Amino acid sequence: MTASGGRLPRLARQVGAFGAVGVAGLLVDVAALYALLHGLGLEAMGQAGFLAARVPSFFAAATATWALNRAFTFRNARPEPLWRQWAKFIAANSVGGVLNYMAYAGCIAYGAPFIAHPELAVAAGSLAGMVFNFTASKFLVFREA
C-alpha cells in the first residue's frame, strides 16, 4: 500500500476523527467539571476545588472518548474485552492526561480569567495532551489485526 494510495488518507481520517472525538470529550469534561463545581459546591473551595473536580471530569471524558474512538476512529482494531481495552486506553493516555492536567492546573493557578471560565483551562489541557494521546491510542490500544 503506498502512502498516497492508502496509509496517508487513512491516517488523515483517523486524525480528523480523533479530533472530532476530542471535541466531544471536551464537552463531556466541561459538563462534568461544571456539575462537580456547582452541583457539589466545589467552586467554594477555590483553586483546590477546581483542581479536585478535574480528576473525575477527566475520567468521564476519557471514558467517553475511549468509547467513541473504539466505535469510529479505530473501528478496525482487533477485538478484545471491553474492560481490558478501556484499561489500556486509560493507562496509555495517562501521560497525555498528566500533560493535560498540568496545563489545566497552570491555567487555574494563573487566576481570574480561568476561574471565571474553566472551560478555557480544560481546552488548553486537552490540546496539551492530544498529540501524545493519538499516538498512544493508535499504536498501543487500538492496534489493527
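Undergrad: In this structure, what is going on with the pattern of salt bridges? I would like to understand it.
TA: Oppositely charged side chains can form a pair if their charged atoms are brought close together. Taken as a whole and judged by the stated rule, the model has 3 salt bridges. The residue Arg54 makes a salt bridge to Asp29 at a minimum N-O spacing of 2.7 Å. Here the residue Arg54 occupies a position in helix 2 (residues 47–73), and Asp29 occupies one in helix 1 (residues 3–39), the gap between them amounting to 25 residues. The exposure class of Arg54 is buried, given its relative accessible area of 0%.

Undergrad: Please clarify how the layout of surface pockets should be interpreted in this entry.
TA: To find leftover empty space, one rolls a probe the size of a water molecule over the atoms. Quantified by volume, the largest pocket comes out at close to 380 Å³. Residue lining of the largest pocket: 23 residues in total, with Gly22, Thr65, Asn100, Ser126 and Asn133 positioned closest to the centre. Elements with a contribution of two residues or more to the lining of the largest pocket: helix 1, helix 2 and helix 6 (118–141). The element that contributes the greatest number of residues to the lining of the largest pocket is helix 1, accounting for 8 residues. Among the residues making up the lining of the largest pocket, the classes are represented as 11 nonpolar, 10 polar and 2 charged.

Undergrad: Please clarify how the packing of helix 2 against helix 3 (residues 82–92) should be interpreted in this entry.
TA: Helix-helix packing is described using two parameters, namely the angle between the two axes and the distance between the axes. Viewed as axis vectors pointing N to C, helix 2 and helix 3 meet at an angle of 120°, and their least axial separation amounts to 10 Å. Comparing the axis directions of helix 2 and helix 3 gives the class oblique. As for the relative orientation of helix 2 and helix 3, their crossing is right-handed in sense. For the pair helix 2 and helix 3, the contacting residues are Phe59, Ala62, Thr63, Thr65, Trp66, Asn69 and Arg70 in the first and Leu82, Gln85, Trp86, Phe89 and Ile90 in the second. Of the residues that constitute the contact of helix 2 with helix 3, the class distribution is 7 nonpolar, 4 polar and 1 charged.

Undergrad: Whenever I open this one, the packing of helix 3 against helix 6 confuses me. Can you help?
TA: Here helix 3 crosses helix 6 at 140°, and the two axes come no closer than 9 Å. As for how helix 3 packs across helix 6, the hand of that crossing is right-handed. The segment helix 3 lies against helix 6, with Gln85, Lys88, Phe89 and Ala92 engaging Phe132, Ala136, Ser137, Leu140 and Val141. Among the residues making up the contact of helix 3 with helix 6, the classes are represented as 6 nonpolar, 2 polar and 1 charged.

Cut-off values and rules
Residues numbered from 1 in each chain as written. Predicted model: local features only at pLDDT ≥ 70, side-chain atom pairs only at ≥ 80, totals over all residues. Heavy atoms only, no water. Salt bridge = Lys/Arg side-chain N within 4 Å of Asp/Glu carboxyl O. Helix = DSSP H or I, 4+ residues; strand = E, 2+ residues; numbered from the N terminus. Buried < 20%, exposed > 50% of the residue type's maximum accessible area, 1.4 Å probe, protein only. 1 Å grid on protein atoms, 1.4 Å probe; cavity = no way out; pocket = protein on both sides within 12 Å on 5 of 7 lines; lining within 4 Å. Points joined across faces, edges and corners; volume = space filled by probe spheres on them. Nonpolar A, V, L, I, M, F, W, Y, C, P; charged D, E, K, R; others polar. Axes fitted to C-alpha atoms, helices over the stretch in contact; angles between N-to-C directions. Parallel < 35°, antiparallel > 145°, perpendicular 65-115°, else oblique. Left-handed = near helix turned anticlockwise from the far one by under 90°. Contact = heavy atoms within 4.5 Å.

Don't take any of this as a statement about function, it's just geometry.
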